[in-house]
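Close look at the chain arrangement
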Amino acid sequence: MTTGVHVKRDAWTGSLLPGLIILLAILALVSLGLGEITMGPARLWAGVTGADREASLVIWQIRLPRVLTAVLTGAALSTGGLVMQAYFRNSLASPDLLGVSSGAAAGAVLTISLGWAALSLWVLPVAAVAGAALATFAVLALARRGASSERLLLAGVALNALLGAVTSYVISTGELFARSTQLLFWLFGGLEDRTWLHVWAALPIVVALALVWPLGRPMDLLSLGEREAQSLGVGVRGLRRRMLVLATVLAATATAVAGVVGFVGLVVPHALRLTAGPEHRRLVPLCVVGGAAFVLACDLAGRLAGGLRLGVVTALVGGPFFLWLLRKRA
Amino acid sequence: MTALALNKVTVPGRLRDVSVKLGPGRRIGLLGPNGSGKSTLLQVAAGLLPSGGEVRWSGRRVQEIAIPERARQVAWVPQEARFEFGFPVRGVVQQGRYAHGDDETGVDAALARFDLTTLAQRPVNALSGGERQRVLLARALVTAAPVQLWDEPLASLDPRHGLEVLMLAKELARAGGTVVMSLHDLRVAHCLDEVLVLAGGELRAAGNPGTVLNAALLQEVFGVRARTGETLILELP
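A few points on the structure. (Residues numbered from 1 in each chain as written. Chains lettered and ligands numbered in written order. Predicted model: local features only at pLDDT ≥ 70, side-chain atom pairs only at ≥ 80, totals over all residues. Heavy atoms only, no water.)

Looking now at the overall build of chain B. A count of helical and extended segments in chain B gives 9 helices and 10 strands. For a compact globule of 237 residues, the expected C-alpha radius of gyration is about 18 Å, and chain B comes in at 18 Å, within 12% of that figure. On the principal axes, the C-alpha backbone points of chain B span a range of 50 × 45 × 35 Å. Taking all 237 residues of chain B together, 52% fall into the buried category. Taking the contacts inside chain B whose residues are at least 6 apart along the sequence as the reference set, 64% of them involve residues at least 24 apart. Carbon and sulfur atoms make up 50% of the accessible area of chain B, which totals about 10,700 Å². (Helix = DSSP H or I, 4+ residues; strand = E, 2+ residues; numbered from the N terminus. Rg over C-alpha atoms; globule rule 2.2 N^0.38 Å. Buried < 20%, exposed > 50% of the residue type's maximum accessible area, 1.4 Å probe, protein only. Contact = heavy atoms within 4.5 Å. Areas by Shrake-Rupley, 256 points an atom, 1.4 Å probe, with all protein chains shown as cover.)

Attention now goes to the overall build of chain A. Per the secondary structure count, chain A includes 16 helices and 0 strands. Against the 2.2 N^0.38 benchmark of 20 Å for 330 residues, chain A shows a C-alpha radius of gyration of 20 Å, consistent with a compact globule. Its C-alpha atoms give chain A principal-axis dimensions of about 65 × 50 × 35 Å. Taking all 330 residues of chain A together, the buried fraction comes to 55%. Here chain A has roughly 14,300 Å² of accessible surface; of this, 70% comes from carbon and sulfur atoms.

Right, let's talk about the pairing of strand 4 (residues 52-57) of chain B for a bit. Side-chain direction in a regular strand flips from residue to residue, so the side chains alternate between the two faces of the sheet. All names here are of chain B. Alignment of strand 1 (residues 4-11) against strand 4, held across 5 bridges, turns out to be antiparallel. Paired with Ala5 across the bridge in strand 4 is Arg56. Sheet analysis places strand 4 next to strand 5 (residues 60-61), joined by 2 bridges and oriented antiparallel. Paired with Arg56 across the strands is Arg61, a residue of strand 5. Between the antiparallel neighbours strand 4 and strand 5 lie 2 residues, among them Ser58 with a positive phi of about 45°. (Pairing = 2+ DSSP bridges.)

A separate point is the interface of chain A and chain B. Facing 31 residues of chain A, the contacting portion of chain B comprises 35 residues. Counting the surface chain A buries against chain B, the share from its top three residues, Leu224(A), Arg227(A) and Leu232(A), is 25%. For the side of chain A that touches chain B, the elements supplying multiple residues, two or more each, are helix 11 (216-222), helix 12 (226-231) and helix 15 (280-304) of chain A. Split into classes, the residues belonging to the side of chain A that touches chain B amount to 9 nonpolar, 12 polar and 10 charged. (Buried area = accessible area lost by both parts, 1.4 Å probe. Nonpolar A, V, L, I, M, F, W, Y, C, P; charged D, E, K, R; others polar.)

Turning our attention to the pattern of salt bridges. Enumeration according to the criterion identifies 23 salt bridges over all chains in this entry. In this structure, the salt-bridge partner of Glu192(A) is Arg66(A), at a minimum N-O distance of 3.9 Å. In this pair, Glu192(A) sits in the loop between helix 8 (176-188) and helix 9 (196-201) while Arg66(A) sits in helix 4 (residues 53-88), placing the two residues 126 residues apart along the sequence. Two residues, Arg204(B) and Glu220(B), come together in a salt bridge whose shortest N-O distance is 2.5 Å. Taken as a pair, Arg204(B) in strand 10 (residues 202-207) and Glu220(B) in helix 9 (residues 215-222) lie far apart in primary sequence, 16 residues in all. (Salt bridge = Lys/Arg side-chain N within 4 Å of Asp/Glu carboxyl O.)

In this model, the largest pocket occupies a volume close to 1,400 Å³. Along the wall of the largest pocket there are 40 residues; nearest its centre are Asp185(B), Leu186(B), Arg187(B), Val188(B) and Cys191(B). Elements that contribute at least two residues to the lining of the largest pocket include exactly helix 6 (159-174), helix 7 (186-190) and helix 9 of chain B. Considering each element in turn, the lining of the largest pocket owes the most residues, 6 residues, to helix 6 of chain B. Its residues placed into classes, the lining of the largest pocket shows 22 nonpolar, 8 polar and 10 charged. Approximately 910 Å³ is the volume attributed to the second largest pocket. Looking at the lining of the second largest pocket, the element that brings in the most residues is helix 12 of chain A, giving 4 residues. In terms of residue class, the lining of the second largest pocket is made up of 12 nonpolar, 9 polar and 12 charged. (1 Å grid on protein atoms, 1.4 Å probe; cavity = no way out; pocket = protein on both sides within 12 Å on 5 of 7 lines; lining within 4 Å. Points joined across faces, edges and corners; volume = space filled by probe spheres on them.)

Residue and element names in this part refer to chain A. For the coordinates displayed, the defined rule picks out 4 aromatic pairs over all chains. Between Phe321 and Trp324, the ring centres sit 5.6 Å apart and the planes meet at 45°, which makes this aromatic pair tilted. Of this pair, Phe321 and Trp324 both sit in helix 16 (residues 310-329), 3 residues apart, roughly one helical turn. On the basis of relative accessible area, Trp324 is assigned to the partly exposed category, the value being 41%. (Phe/Tyr/Trp six-rings, centres within 6.5 Å; stacked < 30°, edge-to-face > 60°.)

What follows concerns the state of the cysteines. The full count for this structure, using the stated rule, is 0 disulfides over all chains. Cysteine Cys287(A) remains unbridged, with the sulfur of Cys298(A) as its closest cysteine sulfur at 15 Å. (Disulfide = S-S within 2.5 Å.)

In a regular helix each residue adds 1.5 Å, so 13 residues correspond to 18 Å; helix 14 (residues 264-276) of chain A covers 17 Å between its end C-alpha atoms and thus fits that length. Buried residues dominate helix 14 of chain A, accounting for 10 of its 13 residues. (Expected span 1.5 Å × (residues − 1).)

Let's shift gears to empty space enclosed by the protein. Picture a little ball the size of a water molecule; that probe, rolled over the atoms, points out where space is still empty. Applying the stated rule across the entire model yields 4 cavities of 30 Å³ or more. Approximately 70 Å³ is the volume found for the largest cavity. Every residue lining the largest cavity is listed: Glu228(A), Ser231(A), Leu232(A), Val74(B), Ala75(B), Trp76(B), Val77(B), Pro78(B), Leu136(B), Arg139(B), Ala140(B) and Thr143(B). Ranked by the residues each element gives to the lining of the largest cavity, the list is headed by strand 6 (residues 74-77) of chain B, at 4 residues. Within the lining of the largest cavity, the residues separate by chemical class into 8 nonpolar, 2 polar and 2 charged.

This part is about the sheet that holds strand 1 of chain B. On the basis of which strands lie adjacent, the open sheet formed by 4 strands has the order 2-1-4-5 (chain B) and antiparallel pairing. Each of the sheet's edge strands pairs with one partner strand only, and the pair in question is strand 2 (15-22) and strand 5 of chain B.

For the rest of this paragraph, the subject is the packing of helix 2 (residues 16-33) of chain A against helix 15 of chain A. Residues and elements named next belong to chain A. In the contact formed by helix 2 and helix 15, the axes pass within 9 Å of each other and the chain directions differ by 30°. Comparing the axis directions of helix 2 and helix 15 gives the class roughly parallel. The hand of the helix 2/helix 15 crossing is left-handed. Along its contact with helix 2, which presents Leu16, Leu17, Leu20, Ile21, Leu23, Leu24, Leu27, Ala28, Val30 and Ser31, the element helix 15 presents Pro285, Leu286, Val289, Gly290, Ala292, Ala293, Leu296, Ala297, Leu300 and Arg303. Of the residues that constitute the contact of helix 2 with helix 15, the class distribution is 17 nonpolar, 2 polar and 1 charged. (Axes fitted to C-alpha atoms, helices over the stretch in contact; angles between N-to-C directions. Parallel < 35°, antiparallel > 145°, perpendicular 65-115°, else oblique. Left-handed = near helix turned anticlockwise from the far one by under 90°.)

With 25 residues, helix 15 of chain A ought to run about 36 Å at 1.5 Å a step, and its terminal C-alpha atoms sit 34 Å apart, in line with that. Directly after helix 15 of chain A, the chain includes Gly306(A), whose backbone phi takes a positive value near 90°.

The next thing to look at is the side chain of Glu131(B). Residue and element names in this part refer to chain B. In this fold, Glu131 is placed in helix 5 (residues 129-142). Within the local environment of Glu131, its side chain forms a polar contact with the backbone nitrogen of Ser128, the two atoms lying 2.9 Å apart. Discounting residues that sit within four places of it in the chain, Glu131 has contacts with Leu116 and Leu119. (Polar contact = N/O pair within 3.5 Å; in protein donor to acceptor, adjacent residues only side chain to side chain.)

Written out as structure tokens, the structure reads:
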């Protein structure tokens, strides 16, 4: 009989999820403890319980919102990427590469410049979802499902360039003092100065993740072919619509609270698929926890490196990984 | 009772006014030159492609049957499958049980039947064309659907696996099933119960292969001259 590659078995992939949860918990604790005021476990505890007023302020008002925003953003981007890859049946699909994140950023920037964002807390996230939805429709029009990787990625390149130009233009016509930081935020993402408002604004992510959860099995079938899936009993039209809405909401909400953070939706599902196999029932929870841990680790690394922006760190990690993938596929 | 009936099925540019009635317990060959509409016809019959006209399964219009119920009645094997993700072979075969509550009935038997037991844990995107085709057939088999629609099931199989597929079709038909397969080998078609011949999207002839596949039709539809003579005959031992 032939020997060769076998699909990875359960032996140690079963311990992957608990392992990632522990990693996430450690990263969260380190993120809460490290910073301008570094706290040991004792002071951290005193801060959490409120016994130490200064530590309590730092943890509850500054670091915890940042950690939670990172966790939600990471979970949303990686799971959004996973859903898009199953939808397009292409493992190179992800919200940032296809321009969906750029669409969300353009939508957000437009409402800020028009002054609408000041009207209500919900205007900006809703505008981000609208921008992301428009970008999604554009990608669908340019590259059909099951389209070749080239076609899909070229569509993404074109959309990213176009939407990035919109964002840059809107910001460059604004007031000078606000430009540089805002431009950086919407083009490279970041978790500086995140507050509880951002955490609340990111809550649709929790709902969307809960709704992705039960789609694991039908996504398995869909990812191997639409007609095939339907012939095996999957209601393909409804499933596709749900997947598209959920992926868009995930990517858009993450972008609304953290700016455009690249490569998470590509790197995390891919790395997990390589270690745990392609079954979505297993990949969905892994992507939720793994994506959260990845973004938290990147944010921590950026802070330790003297304030590198989150999007810069994820690009530094994800860029080479993406090139490696392209090389491997060629 | 007809298992599968098409009434004036039309798909613009691909099929025109095709009407057939297929009974249970039959093996039916679908013949025709490349581009004559065989794959389209199978997809329409499987309820996967919208069309003009009417498709009925055991008398019921296919649109009125819920999608999971359809999967239990009719199985369809595509001509070729491109797998982006490396699901293990066994997992892909087990997908045939999705509409049966995702149980594992018949999965191991189907793997053994198609010589896939040793490949069960291999990623499906690392298989050869013939092996992939066997995976798809095994998946169709585990659905236990009485109507089986196979698009060129023999195309990339070696002689032995090809004969085994024909043997399976015979068994399924004996058990009351309806097996429709598109194919190009006219000698194989001669061994089936019935043939349908498509040309340019229209049904050109239908019926017993011995009468339908005469020299005049073969010349007209395929542009080949047919001559009877001695030939190599392959059988399972």
